[in-house]
Amino acid sequence: MTTEKLRWAAEQYAQWGVDVEAALAALAQIPISIHCWQGDDVIGFDGAGDLSGGIQATGNYPGRARSFTELKQDIETMLCLIPGHHRLNLHASYAVFEPGQKAERDQLEIQHFQSWIDFAKERGLGLDFNPTLFGHPLAQTATLSNADETIRQFWIRHCQACIRIAESFADQLGTSSLVNIWIPDGLKDIPADRTSPRQRLKASLDQILAMDYDRSKVKVAVESKVFGIGIESYTVGSHEFYMNYAAQNGLLCLLDSGHYHPTETISDKISAMLMFTDELALHISRPVRWDSDHVVLYDDETRQIAQEIICSGAERIRIATDYFDASINRIAAWVIGVRSVQKALLNALLTPQEKMAKLQKQQRFTELMALQEQLKMAPIGEIWEVFCLRQGVPGENAWLKVVQDYEKEVLLKRNEEKEEIA
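Values in this document were obtained by computation on a predicted structure and should not be read as measured data. (Residues numbered from 1 in each chain as written. Predicted model: local features only at pLDDT ≥ 70, side-chain atom pairs only at ≥ 80, totals over all residues. Heavy atoms only, no water.)

Student: Go over the nonpolar core, please, and point to the residues and values.
Tutor: Core analysis: the biggest nonpolar cluster contains 125 residues, and Ile75, Trp116, Phe129 and Leu144 have the highest contact counts within it. The element contributing the most residues to this core is helix α10 (residues 330-349), with 12 residues. Among the nonpolar cores identified, the runner-up in size contains 5 residues, and Ala221, Leu252, Leu254 and Ala281 belong to it. (Core = buried A, V, L, I, M, F, W, Y, C linked by side-chain atoms within 4.5 Å. Buried < 20%, exposed > 50% of the residue type's maximum accessible area, 1.4 Å probe, protein only. Helix = DSSP H or I, 4+ residues; strand = E, 2+ residues; numbered from the N terminus.)

Below you can see the structure in the form of structure tokens.
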């Protein structure tokens, strides 16, 4: 039956000049860097402090991972439900410490992440990395733009430590590691001086990048944000700041789909940015009114982002997910979000891009619109099911049962254990 469905679907796409087998082969080669922090609501393991910087994970669904062992177990379950071969995106706050050997964030070393490297080797994963400049007593006012030189230097050392750790990731795993720098610095109300904090941020970044590291192994990215809770009026690391800084210093500019004004979309920015840089980094999220990091869905913007990725060349774009939801099963949230990105990429690969571009160039806009609407009803679901089957993961009607069984056997027991301990 599956072969018959694939043959029928392939015939439908062939009428538009699309090779379904080529699309499936291409999709299998596109890695997504899956964020680890969905599994524990961005809390991490270093116990540095409550979440800050406008980050909130709402909800209290049972079964949150509370340790490296539990988070690794959840990630393993998640990976078994997502087709393809991917990467894992870590925050520095997920360092794994031996009893009595906790290190401050500016003193982190590769030994604190060796457990993650060993896990990545077992699963065939690449690792990406993020300095954690939030959820810490020294992040209450500002980090890399702080007027207090002692605090600013602490965060500079932290970012440098992260770059050294990422270089070790690359050495041990044989694949380059992306280090993404995001800071929550800004002001709640109208600033009197917008320049000085940005001068300090630039000086901090200059000092971080002055360290000796292998740029072929570590790709540094900078991530902007339009605002956050508590910094509604002024964000030091704005898009304009980071876009220019990245271009001047040969870094990747990272676009997060939730970090812009509500009427902006990063899908429109991708082709513009790639006119002036070789590579680009993305955090695919789903904003609802603001940067709320909702679970990614197979919606219009996700599909449009994927279209731009494929049209621009997927090899030039580092794709990552970034969302967290504590109101639903956390593993299901992972699976829904990552599979939605993959569905969008498949949709883009099954789109007759050259044919449609030709219609646009010839100003045959009536035919272009008709074809765009026709493609919306194309049988992509059958092809997605075949992709899942070939990759050895459950299809759309089967994966949720695996998660529900895991919830009963593992996640709910964690909640019982927590109550017993309390």
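Student: Just give me the short version of the packing of aromatic side chains, but keep the residues and values in it.
Tutor: Going through the model one piece at a time under the given rule, you end up with 12 aromatic pairs. Ring geometry for Phe154 against Trp155: centres 4.9 Å apart, planes inclined by 90°, an arrangement best described as edge-to-face. For the residue pair Phe154 and Trp155, the accessibility class agrees, reading buried in each case. Measuring from ring centre to ring centre gives 5.9 Å for Trp384 and Phe387, while their planes differ by 35°; the resulting arrangement is tilted. Taken together, the residues span about one helical turn, with Trp384 and Phe387 both in helix α13 (residues 380-390) at a distance of 3 residues. Put simply, the rings of Phe68, Trp116 and Phe119 pair up and form one aromatic cluster. (Phe/Tyr/Trp six-rings, centres within 6.5 Å; stacked < 30°, edge-to-face > 60°.)

Student: Run through the packing of α10 against α13, naming residues and quoting values.
Tutor: Across the interface, α10 lies against α13 with an axial gap of 11 Å and an inter-helix angle of 120°. With respect to α13, the element α10 is oriented oblique. By crossing handedness, the relation of α10 to α13 is classed as right-handed. Together, Arg339, Gln342, Lys343, Leu346 and Asn347 of α10 and Ile380, Ile383, Trp384, Phe387 and Cys388 of α13 make up the contact between the two elements. Grouping the amino acids of the contact of α10 with α13 by side-chain chemistry returns 6 nonpolar, 2 polar and 2 charged. (Axes fitted to C-alpha atoms, helices over the stretch in contact; angles between N-to-C directions. Parallel < 35°, antiparallel > 145°, perpendicular 65-115°, else oblique. Left-handed = near helix turned anticlockwise from the far one by under 90°. Contact = heavy atoms within 4.5 Å. Nonpolar A, V, L, I, M, F, W, Y, C, P; charged D, E, K, R; others polar.)

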